[in-house]
Amino acid sequence: MKHIGFLSFGHWTPSPQSQTRSAADALTRTIELAIAAEALGADGAYVRVHHFARQLASPFPLLAAIGARTSRIEIGTAVIDMRYENPLYMAEDAGSADLIAGGRLQLGISRGSPEQVIDGFRYFGYAPPEGQTDADMARRHTEVFLEVLKGEGFAKPNPRPMFPNPTGLLRLEPHSEGLRERIWWGAGTNATAEWAAKLGMNLQSSTLKIDESGKPFHVQQAEQIRLFKAAWAAAGHKRSPRVSVSRSIFALVDDRDRLYFGRGEKDGDQVGMLSETERAIFGRSYADEPDRLIEQLKGDEAIAEADTLLLTVPNQLGVDYNAHVIEAILTHVAPALGWR
């Protein structure tokens, strides 16, 4: 059995060919798709966060809105770039969204990836301390965020407060109990996956990672997941971790599917430079008739290692079509693979 959800980047463009032509469209139709996905029996509605782009950005108003309009489905991110975040303010936002959703928030965070502008985090008022990198800064923001999510008091109260305080040091409010255990780290390397395990974060592994061995993407990703699980066990955490992978998967069940994704050529891994020094490997997309698609997915080692599968959706094709994409996987593919 697997948790199956969708992941939307929330792309929008004013092009007449797009059904998502504005930021308002991207936001409202993400809410509509989450409602539809819950009705279909999907398990999760996740959004990607990018700054300075025609995509979804500030996630917490959107997550709160989804939480208020749904009752069962998990809601989350994959991922928030921690280089841009004030970890204390973020903890307040996350606590609010989680309480509105009744404890359904699954929050994916990360050191981030190359953005639309150079060092965009500096425009947000953040810069790495002398001798540290932006990745170091992101991990430090993460450590502070995880600490305050524990709900322990740390701030000295004013002796003459405007409102009465509880005794002792004060914590951030609103605090949502249990959210600390629902934080995920988007790891691009084996080392950061192991670091996340030591800190007690769940693992999100996307459709790309740093190429560390030259092996096929799904094999490298499966190895990363196994290293994460071993590090988790070594750390002695009391609960079992969760692991998600993201994939573009399309079951060709009608003429629309074949028009959009039935190109016929075999898609494979791709390799490119994520930065000047980082060689990344990008996983393949899957698009085929259901019976052939099932056989292809059986060979994906990383999906087999994960308990959660996030289906990346082409949100500019509209809510109805993306609901159809999700339903096709739940109906024609998942049962044959034992995911349902």
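Residues numbered from 1 in each chain as written. Predicted model: local features only at pLDDT ≥ 70, side-chain atom pairs only at ≥ 80, totals over all residues. Heavy atoms only, no water.

Q: Summarise empty space enclosed by the protein; cite the residues concerned and give the values.
A: Scanning the entire structure with this criterion turns up 3 cavities of 30 Å³ or more. By volume, the largest cavity amounts to about 100 Å³. F6, S8, T20, D25, A26, R29, T30, L33, N315, G318, V319 and N322 together form the lining of the largest cavity. Of all the secondary-structure elements, those providing two or more residues to the lining of the largest cavity are β1 (3-8), α1 (23-40) and α11 (319-333). The leading source of residues in the lining of the largest cavity is α1, at 5 residues. Here the residues of the lining of the largest cavity are counted per class, giving 4 nonpolar, 6 polar and 2 charged. There is about 60 Å³ of room inside the second largest cavity. Along the walls of the second largest cavity sit A91, E92, G95, V148, L149, L172, P174, H175, S176 and L179, which together make up its complete lining. Per-element accounting of the lining of the second largest cavity gives the leading share, 3 residues, to helix α3 (residues 87-100). (1 Å grid on protein atoms, 1.4 Å probe; cavity = no way out; pocket = protein on both sides within 12 Å on 5 of 7 lines; lining within 4 Å. Points joined across faces, edges and corners; volume = space filled by probe spheres on them. Helix = DSSP H or I, 4+ residues; strand = E, 2+ residues; numbered from the N terminus. Nonpolar A, V, L, I, M, F, W, Y, C, P; charged D, E, K, R; others polar.)

Q: Talk me through the side chain of T70; I want residue IDs and the actual numbers.
A: Of note, T70 is situated in the loop between α2 (60-69) and β3 (74-81). Among the residues examined, T70 registers a relative accessible area of 8% and is labelled buried. One polar contact links T70 to R104, side chain to side chain, over a distance of 2.9 Å. Beyond its immediate chain neighbours, meaning those up to four positions away, T70 contacts A34, I35, E38 and R104. (Buried < 20%, exposed > 50% of the residue type's maximum accessible area, 1.4 Å probe, protein only. Polar contact = N/O pair within 3.5 Å; in protein donor to acceptor, adjacent residues only side chain to side chain. Contact = heavy atoms within 4.5 Å.)

Q: Let's hear about the sheet that holds strand β5 (residues 183-186): which residues, and what values?
A: Where strands meet in a sheet, backbone hydrogen bonds hold them as pairs that are either parallel or antiparallel. One closed barrel holds the 8 strands; their spatial order is β1-β2-β3-β4-β5-β6-β8-β13, and the pairing between them is parallel. Put simply, the sheet's adjacent strands are angled 25° from each other on average, direction ignored. As defined by bridge partners, strand β2 (residues 44-47) adjoins β3 across 4 bridges and the pair is classed as parallel. If you follow G44 over to β3, its bridge partner there is E74. The sheet strands contacting helix α7 (residues 217-235) are β6 (202-205) and β8 (243-247), and the helix crosses β8 at an angle near 165°. (Pairing = 2+ DSSP bridges. Axes fitted to C-alpha atoms, helices over the stretch in contact; angles between N-to-C directions.)

Q: Would you mind going over the environment of A135 in detail, with residue names and values included?
A: Take A135: it is sitting in helix α5 (residues 134-148). With a relative accessible area of 8%, A135 lands in the buried category. Spatially, the C-alpha atoms of A135 and T192 are 11 Å apart, while their sequence positions differ by 57 residues.

Q: Tell me about the packing of helix α9 (residues 290-298) against α11, and name the residues and values.
A: It is the contact of α9 with α11, at a shortest axis distance of 10 Å, that shows an interaxial angle of 80°. Classified by the angle their axes make, α9 and α11 are roughly perpendicular. The residues of α11 that touch α9, namely those facing P290, L293, I294 and L297, are I329, H332 and V333. Per-class residue counts for the contact of α9 with α11 are 6 nonpolar, 1 polar and no charged. (Parallel < 35°, antiparallel > 145°, perpendicular 65-115°, else oblique.)

Q: Give me the lowdown on the pattern of salt bridges, citing residues and values where you can.
A: All told, the structure shown has 26 salt bridges when counted by the stated rule. One salt bridge connects D134 with R111, and the closest N-O pair in it is separated by 3.7 Å. Of this pair, D134 sits in helix α5 while R111 is found in the loop between β4 (105-110) and α4 (120-123), placing the two residues 23 residues apart along the sequence. Its relative accessible area of 24% is what places R111 among the partly exposed residues. Note that E301 is salt-bridged to R226, the shortest N-O span being 4.0 Å. (Salt bridge = Lys/Arg side-chain N within 4 Å of Asp/Glu carboxyl O.)

Q: Lay out the pairing of strand β10 (residues 270-273) with the relevant residues and their values.
A: Sheet topology note: the β10/strand β11 (residues 279-282) ladder contains 4 bridges and is antiparallel. Looking across to β11, one finds that Q270 is bridged to F282. The antiparallel pairing of β10 with β11 creates a hairpin that spans 5 residues between the two strands.

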